[in-house]
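Overview (structure and organization)
Chain residues, written in single-letter form:
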Amino acid sequence: MSDVLIGTDGPVLTITINRPDKRNAMNRDVVAGIAAGWRQAHEDAAVRVIVLTGAGDKAFCAGADLGGGQSFFQDLSKPTSDYADLLRLVQNGTKPSIARVNGTCMAGGMGLLCMTDMAVAADDVVFGLPEVKVGVFPMQVLSLLQRIVPRRVVAEWCLTGEPFTPEEARAAGLLNHVVPRGELDAKVAWLAGRLVDKSPMAIRRGKYAMRAIEAMSFDEAIAFTEGQIALTAQTEDAREGIAAFTEKRKPVWR
């Protein structure tokens, strides 16, 4: 059985880590499977939203699989690791993604959560960055976590290694929504539905711009974005969106 399942339902492509007996811990196959799902979504014009989740109701992802002596699945002859390459791939993606956090989210699983654009969690999920308890540190997770969560909160989570709750995660900006477990799928579907009726061009260009201006100064960012809005306004989607607004009808995105 595959360690990662990929399925589509209309415009939504769902990637499911399928190792429930291992708390959906990551190994090389899991990382490769998630990357393959992301590439598939970007190659299929019909896919508008990516959902990332874990099989079962116990774990979203408990981090790296610490068994088998390959806990960080890195070939040291390569300058980059498979996990880091996955984070790079997703950060440069142009289709929106949602983490459906159905269970325990720990260590490297936190990186998977951070790499998505939005996140919905069940209210009984346990979060944590326990790497210091086994003599390492959530190094690669930090590259994304510190861009989302206030620095002092990041310091407490990483330096103590102690677990925290969904409400604490939401208050820190890590989650968009926390819902009772029985409402998780409905909330994810609701959020996906608010994306799929919008202009795919605008979302694609918007994600590109959001990524591009992260490291820019204000002057650099405003110059870049004034050019981007001029380009966006000339697209077919922009013309259709303005026409639909004027004619009081729903737009038909092309």
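It should be emphasised that the depicted structure is a prediction, and the values quoted were computed from it without experimental measurement.

**Digging into unusual backbone geometry**
- The phi angle at Arg 23 is positive, at roughly 55 degrees, despite the residue not being glycine.
- Within the element layout of this structure, Arg 23 appears in the loop between β2 (12-17) and α1 (28-43).

**Some points on the pattern of salt bridges**
- Under the counting rule described, the total for this entry stands at 13 salt bridges.
- Taking the shortest distance from any N to any O, the salt bridge between Lys 198 and Asp 197 comes out at 2.8 Å.
- On the accessibility criterion, Lys 198 (38% relative accessible area) is partly exposed.
- Exposure remark for Asp 197: the relative accessible area of 45% places this residue in the partly exposed category.
- In this structure, Arg 249 engages Glu 240 in a salt bridge whose closest nitrogen and oxygen atoms are separated by 2.7 Å.
- Relative accessible area serves as the criterion here: at 33%, Arg 249 is assigned to the partly exposed category.
- On the accessibility criterion, Glu 240 (10% relative accessible area) is buried.
- Among the charged side chains, a salt-bridge network with shared partners connects Arg 147, Arg 211 and Glu 214.

**Remarks on the domain arrangement of the chain**
- Examined at the domain level, the chain breaks down into domain 1 (4-197) and domain 2 (200-247).
- Look at where the C-alpha atoms of domain 1 and domain 2 centre, and you get two points 28 Å apart.
- Between domain 1 and domain 2, the residue contacts involve ten residues of the former and six residues of the latter.
- Counting each side, the surface lost to burial between domain 1 and domain 2 is near 770 Å², with a carbon and sulfur contribution of 51%.
- Of all residues in domain 1, Arg 48, Gln 91 and Thr 94 give up the largest surface area on contact with domain 2, accounting jointly for 49% of the area buried on that side.
- Linking domain 1 with domain 2 are two salt bridges, by the criterion used here.
- In this structure, Asp 117 engages Lys 207 in a salt bridge whose closest nitrogen and oxygen atoms are separated by 2.9 Å.
- Looking at the side of domain 1 that touches domain 2 residue by residue, the class counts come to two nonpolar, four polar and four charged.

**Observations concerning the pairing of strand β1 (residues 4-9)**
- Bridge analysis of β1 against β2 gives six bridges, and the strand direction is antiparallel. Its bridge partner being in β2, Ile 6 is matched across the sheet by Ile 15.
- Hairpin connection of β1 to β2: two residues between the antiparallel strands, including Gly 10 at a positive phi of 65 degrees.

**Points about the pairing of strand β3 (residues 49-54)**
- Of all the six residues making up β3, six are buried; the element is thus mostly covered by neighbouring parts of the structure.
- Alternating residues of β3 divide into Val 49, Val 51 and Thr 53 and Ile 50, Leu 52 and Gly 54, and every residue in both groups is buried.
- In the sheet, β2 pairs with β3 via six bridges, with the strands oriented parallel. Looking across to β3, one finds that Thr 16 is bridged to Thr 53.
- A crossover connection joins β2 to the parallel β3 through α1; in handedness this β-α-β unit is right-handed.
- As judged from the three bridges shared by β3 and strand β5 (residues 97-101), these two strands associate in the parallel manner. From the neighbouring strand, Ile 50 faces β5, where its bridge partner is Ser 97.

**Details of the packing of helix α2 (residues 82-91) against helix α3 (residues 108-115)**
- Between α2 and α3, the least distance of the axes is 10 Å, while the angle of their chain directions is 15 degrees. Between α2 and α3, the crossing angle belongs to the class labelled roughly parallel. Crossing geometry of α2 relative to α3 is assigned as right-handed. Contacts between α2 and α3 pair Tyr 83, Leu 86, Leu 87, Val 90 and Gln 91 from the former with Gly 108, Gly 111, Leu 112 and Met 115 from the latter.
- Taken together, the residues that form the contact of α2 with α3 break down as six nonpolar, three polar and no charged.

Cut-offs used in this document
- Residues numbered from 1 in each chain as written.
- Predicted model: local features only at pLDDT ≥ 70, side-chain atom pairs only at ≥ 80, totals over all residues.
- Heavy atoms only, no water.
- Helix = DSSP H or I, 4+ residues; strand = E, 2+ residues; numbered from the N terminus.
- Salt bridge = Lys/Arg side-chain N within 4 Å of Asp/Glu carboxyl O.
- Buried < 20%, exposed > 50% of the residue type's maximum accessible area, 1.4 Å probe, protein only.
- Domains from an automatic or database assignment.
- Contact = heavy atoms within 4.5 Å.
- Buried area = accessible area lost by both parts, 1.4 Å probe.
- Nonpolar A, V, L, I, M, F, W, Y, C, P; charged D, E, K, R; others polar.
- Pairing = 2+ DSSP bridges.
- Right-handed = clockwise from strand over helix to strand, strands pointing away.
- Axes fitted to C-alpha atoms, helices over the stretch in contact; angles between N-to-C directions.
- Parallel < 35°, antiparallel > 145°, perpendicular 65-115°, else oblique.
- Left-handed = near helix turned anticlockwise from the far one by under 90°.

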